[in-house]
Structure formats: C-alpha cells, structure tokens
Amino acid sequence: MARVLLILPHLPQRMGAPYLGQQYIAASLLARGHEVKCIDLSALLYKGNDDDAVAEAERFGPDMIGMTLFTYNAHRGYALIPRLRKVARLLVAGGPHVTVLPHEALVHGFDAAVVGEGELVVQRIAAALDAPKNLLTPLLAAVGAIPGVLTKDSPVGHGTAVDLSPDDLDALPFPHTSYPTFDASLYSPSGLIAAGGMMTSRGCPARCTFCANYVTGRGYRFRSTDSILREMESLSERWKITNFPFWDDAFTARRPRLEALCDGILASDELSGATWTCITPGNMVKPFDLERMRAAGCVAINFGLESGDYNVLKQIQKGQRPEQVKAAVKAAKSVGMVTIVNFMFGFPGEGVAELSNTLRLMEELSVDTDYFNTRGVLVPFPGTQIYDETVRDYDFAGWWLDPAKVPDEAAIFGLSGEDAMTLAEVDPTLALDFFRYPDDVRELIARCVRFKARHNRKTIEGFQRGYGAAA
Ligand code: B12
Ligand code: SF4
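What this report covers is the structure whose coordinates are included nearby. (Residues numbered from 1 in each chain as written. Chains lettered and ligands numbered in written order. Predicted model: local features only at pLDDT ≥ 70, side-chain atom pairs only at ≥ 80, totals over all residues. Heavy atoms only, no water.)

1. What to know about the site of ligand 1
Phase 1: Taken together, 36 residues lie around ligand 1, and Gln13, Tyr19, Leu20, Thr71 and Glu119 are the ones closest in.
Phase 2: Contacts to ligand 1 include Gln13, whose backbone N or O atom sits 2.7 Å from a nitrogen atom.
Phase 3: At 3.5 Å from a nitrogen atom of ligand 1 is found a main-chain nitrogen or oxygen belonging to Gly95.
Phase 4: Those elements that place two or more of their residues in the shell around ligand 1 are helix 1 (20-31), strand 3 (64-68) and strand 4 (90-94). (Near = heavy atom within 4 Å. Polar contact = N/O pair within 3.5 Å; in protein donor to acceptor, adjacent residues only side chain to side chain. Helix = DSSP H or I, 4+ residues; strand = E, 2+ residues; numbered from the N terminus.)

As structure tokens, then:
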C-alpha cells in the first residue's frame, strides 16, 4: 500500500476547516487502504512556513505527494516542488487551477497533473505506485495512461476530465472519514474539526463568464437523497456536527430532488434540530421552496446576483434579473432565514452608470439582506470567458505566477470583529488594477465595497446586541 502526503499550499485566506476537495481525495485513498497524511498550510492556526512543511514531508517519507492548487496558491505550490523532488517518487498536482492549466503544473516540475474530479483517478495512481520501486519510467508510463491524468509523455488530448456520474458520487466514501489525516488542532483551539461542509450535487447549469468552477463543471449531477442523509447522519453521529454548510453551486436547481431532500431531513430522527445553509442562484428558487427549506432546517441562504445593471447581467451571462433575486431575498427573509447576497464590481466595460445601478440595488436590497459578500472586485481567473476575452487588451497573462499580483485577501477570518470589519472596507484587488479602471469608476467601486462592509458591520453589531434573524 502507498504512503501518500497531501499538501494544500498557503492560500491568502486561512481555512477554518480542511478543504473539502482535499478531504475527498484523502477519503478515497484511505478507502483503498493507503496511508494518508494531510498538511494544510492554509489552516487557520498553522504557524509554520514552507521549511516546516518540507521538514514534515521528509519525516513522513511518502511514496507520493499530491498537491491541491487554486489559482491563488499555484505559485506557492510550484516553489515547493524543487524542495520536494527527492522526498517522494511521484509528485502529483490537482485542483481547480490544475484542471484549467495542467501543462503549467508539469512545466513547474510535477510528474503528473490530474484534470477534473480526482477521487477515482487518485486511487488508480496510488495503485500504480504499488509497482516495484525505483523504476521511474514504468511508473510514469502507468500513471500517464490513466484517463484524467496528464504527464509530459501523455498522448495529445489525454488530459480530459472524466466527470463522476451520480452513481459514482453515491459510491464515494464520505469526505469526513479523512478528518483523522488532518491535524485537528490547526482548525480550532478546541482541537476539533467542526466543519460539516458537504456537496450534495456537482456542477452548475448556469454559464457566468467570470466563473472558474471547471472541476465540477456545467453538467448538473446530484446524489441520491439516501446518500446525502447518510452522510449528514454519520457526520452528526461521529463528529457531533449539527450545522451543515452545503457548498453546492446551485443547491436548489432541481425542485423534485430539493423536496425529497427536505422531506428526508424532516423525517430523520438523527437530524432532528439540525440546521443547514446553502448557495443558489436567485432565479432557481421559489418562495414555496423556501418555506419547505426553512421547515427542514435551512437557516441561511446565499444568492449570487453580481450586478444591479441589466446590461452587465446580460454581458456576464448571469441569466438572472434583479427582480427575481429581490423577490427571492424577500421571501427568504420572510420565512426567517439569514440572507446573503453576492455582488461583484469592475466587469470590463462597466462604467459609472452601471455601478450606480448596482449601488442603488444594494441599498434597496439591504432591508432584507443580512450580509453581502466581502469585497468583490473582479479577478480574471484563467479559463474563464472573461479572461480569454480580455487578457490581450489588458496584458495580464499569467498574473498568478507573480506573487505581487495575487490579491492579498488579508486573513479576515479569525481576526477580531473590529479588525475584520475595517479590513473588509478595502479590496486589495482594486489596487492590482487588472482592468485599468478610470478614476471615477475606481472611486465608485471603492464606495460599493465600503457600502457592503458597513452594512455587514451593522448586521454583526445587531446580532451582537441580540436582535435580527435567528441564525
Ligand atoms: C466550498 C468552497 C470554498 C470554501 C472552502 C471550505 C472548505 N473548508 O472546504 C471557502 C469559502 C473557504 C472558499 C474560499 C475560496 N474560494 Co472557493 N470554492 C468552494 C466551492 C464552492 C466548492 C469546493 C469544493 O469542495 N468542490 C468540490 C470538489 C469535488 O471539487 P474540488 O474542490 O475542486 O476538488 C476536486 C478536484 O479539484 C481534484 N483535486 C483537488 N485537490 C486535489 C489534489 C490531488 C493530488 C488530486 C489528484 C486531485 C485533486 O479532486 C477533487 C475531488 O474531486 C468551489 C466551487 C466548486 N464547484 O468546486 C469554489 C472554488 C474552488 N473557490 C474558488 C475561489 C476563487 C475561492 C477564493 C479565492 C475566494 C476568495 N476570493 O476568497 C477563496 C480561496 C481560498 C482561500 N482560503 O484563500 C474558485 C477557485 C478558482 C481557482 N481557479 O482557483 C472556485 C472554483 C469557485 C469559482 N466558481 O470560481 N471556497
Ligand atoms: S451560478 Fe455561480 S457557480 Fe454557476 S456559473 Fe454562475 S457563478 Fe458559477
């Protein structure tokens, strides 16, 4: 059996729980009997640096090191590779950034890059490691032949993602079975992982031009109600978790499955009193759904809207109208949910008139909105339509390889309330100026960011004084 070390390099924001994608990979390997250890350099309380991570890797002595790369931490991962070269026989990259740019990972020294959902692929890679040691070429050839894997010698067109089917999703080991492979003391002073984050579906039917969710993609696939309930019940039983953040991109996208899930939660004795939160586009939920969701324990809902301007919404292919989201937010509030609404600023071509519409809508919505997403200045993630359409005009190709261009999303999470609120009033992405905003646009964007931060501050202070929606 293989010894596998999984690393999540430093991200600009700290994580209060192990990253779910890494949990899925670890759980899949454990299920096949491999030995797994996770080093999370982004964990909230991780105090070490890259030297410490390398030393820890050397002590563990893995056969394989697998790294999870976002666009924001790709450069940190690449910098680690020369130092890990001799620590393991095989260096494998996976994650949202690698899915879009697998060749970049190979150029930076990884032996293999995994494209798309990695659970089944990583099991096959680990099986290949069971071949006799020190025969590097056969190992790489075997790994390179696995669908979804790209190596330097892979045939053209080989690195195509293989989406998991709904049956595959139901058969995956629950991610929380990997909790023991993480150092729990790094996530909370209590030494417990209190995450409970879940994905009940994968993919999103929408096509927003700024969105970088290429791993789970556009094909909407959902798990059976039974499998979701079993995961919730086992999280509750094994880790005493009673609140479940559902991280799905479009939780409410299919009404029959939503209804079945709500009914299932309500009928489960083990989940009596459980609460959950979800994310969904505002046009994919109806007031009727919200009542049922609330009854089944949904305490907060997060809507993506992004702009208050029709033309911008059309341009970014959001597929939503402000009225739809306004109605959904109002309905969510009226059934007693905490409401969160996302806005973004600085789309190419967005001027003062469009941003003023957004500011107006935010003001209007603020009556029924508890929180707006923090900051929100557009970042051109690779692979997105916006990146492809504007990279030449604004000359920012490969910005993520320059550490100075990675937004310093200062660690709001974990700071005292006052410090966090002050930090949130400024978006570091604005200073990076990817889209060379004229001064009047820049000023209005800064105002929009401030508006959100101040609104959120009022809500937090309201909660602290003990009134507001029940969370
Ligand atoms: C939940 C979530 C979060 C949570 C994570 C909570 C947690 N503890 O898990 C929080 C809120 C912390 C978060 C933060 C951020 N997020 Co986020 N997040 C997500 C979301 C919605 C789900 C992630 C997930 O679990 N996916 C499901 C699993 C199955 O997919 P996966 O994570 O990609 O993992 C699979 C593969 O990538 C691969 N894989 C992953 N690691 C490895 C390693 C190896 C060795 C192998 C072989 C394979 C492999 O296999 C995994 C299993 O299939 C995704 C959107 C999405 N649909 O994925 C965005 C997403 C990952 N986030 C994104 C971004 C940009 C961010 C932020 C930068 C946002 C911000 N500005 O603050 C921060 C960055 C993190 C940080 N700390 O700085 C982008 C990433 C784009 C990119 N190219 O980097 C995504 C894709 C959203 C989007 N639509 O653009 N996020
Ligand atoms: S609705 Fe959300 S997840 Fe879906 S494409 Fe748009 S931004 Fe991405």
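2. Notes on the sheet that holds strand 1 (residues 3-8)
Phase 1: Read from one edge of the open sheet, six strands run 2-1-3-4-5-6, paired in mixed fashion. Because the sheet does not close on itself, it has two edges, and the strands there are strand 2 (35-40) and strand 6 (149-150).
Phase 2: When strand 3 meets strand 4, the two strands line up parallel, connected through five bridges. Residue Met64 lies in a different strand from strand 4, and its bridge partner there is Leu90. (Pairing = 2+ DSSP bridges.)

3. Focus: unusual backbone geometry
Negative phi characterises most residues that are not glycine, and trans characterises most peptide bonds.
Phase 1: The residue Gln317 is not glycine, and still its phi comes out positive at about 55°.
Phase 2: Residue classification places Gln317 among the partly exposed residues on the basis of a relative accessible area of 36%.
Phase 3: If you check the backbone angles, Asp433 has positive phi at about 50° while not being a glycine.
Phase 4: Tracing the sequence through the fold places Asp433 in the loop between helix 17 (428-432) and helix 18 (439-464). (Buried < 20%, exposed > 50% of the residue type's maximum accessible area, 1.4 Å probe, protein only.)

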